[in-house]
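Chain by chain, the residues:
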Amino acid sequence: GSGGGRGGHSLHSRTRRLEGAGCFEWKLPGEGLMKYEGQFLDNRKHGWGHLIWPDGSEYQGSWKEGKRHGLGEELRNGEVYSGFWVEDRLLHSELLEAAEEDVQIFMKA
């Protein structure tokens, strides 16, 4: 019969917009699968979310316009980096580690 189409959904469609909360997976050539679960705004990670890189590293926390921004925690190579992120860079981690209980309460709220 017919059915010669490609099937599936194109994640690269220009008409598809990622807004609100959801889960998105994509493959990096030569590296593997990345997975993000959380909030989106205008096709970018924005709000609260959890990202897993192909090597198993993870980030959970606040995002702004596709970059880690705000309170967050990254697990990389068996070590946890917790603190305040600005434009994808970790700042002031030593200050937030001193108030770890407050940070955990704030992050759960």
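Up top you'll find the structure we're talking about.
Residues numbered from 1 in each chain as written. Predicted model: local features only at pLDDT ≥ 70, side-chain atom pairs only at ≥ 80, totals over all residues. Heavy atoms only, no water.

> Honestly, the overall build of the chain in this entry has me stumped. Any pointers?
In terms of helices and strands, the chain carries two helices and seven strands. For the chain, the sequential pattern of α-helices and β-strands runs β-β-β-β-β-β-β-α-α. Burial status across the chain gives 23% buried among its 109 residues. Long-range pairs, those at least 24 residues apart, make up 10% of the contacts in the chain between residues at least 6 apart in sequence. Accessible surface, the chain: about 8,000 Å² in total, of which carbon and sulfur atoms supply 50%. (Helix = DSSP H or I, 4+ residues; strand = E, 2+ residues; numbered from the N terminus. Buried < 20%, exposed > 50% of the residue type's maximum accessible area, 1.4 Å probe, protein only. Contact = heavy atoms within 4.5 Å. Areas by Shrake-Rupley, 256 points an atom, 1.4 Å probe, with all protein chains shown as cover.)

> Even after reading the chapter, I still don't get the environment of Gly-32, so can you show me in this structure?
Examined against the element boundaries, Gly-32 turns out to sit in strand S2 (residues 32–41). Remark: the alpha-carbon pair of Gly-32 and Asp-55, spanning 23 residues in sequence, is separated by 8.0 Å. Ignoring anything within four residues of it in the chain, the contact list for Gly-32 reads Trp-26, Lys-27 and Pro-54.

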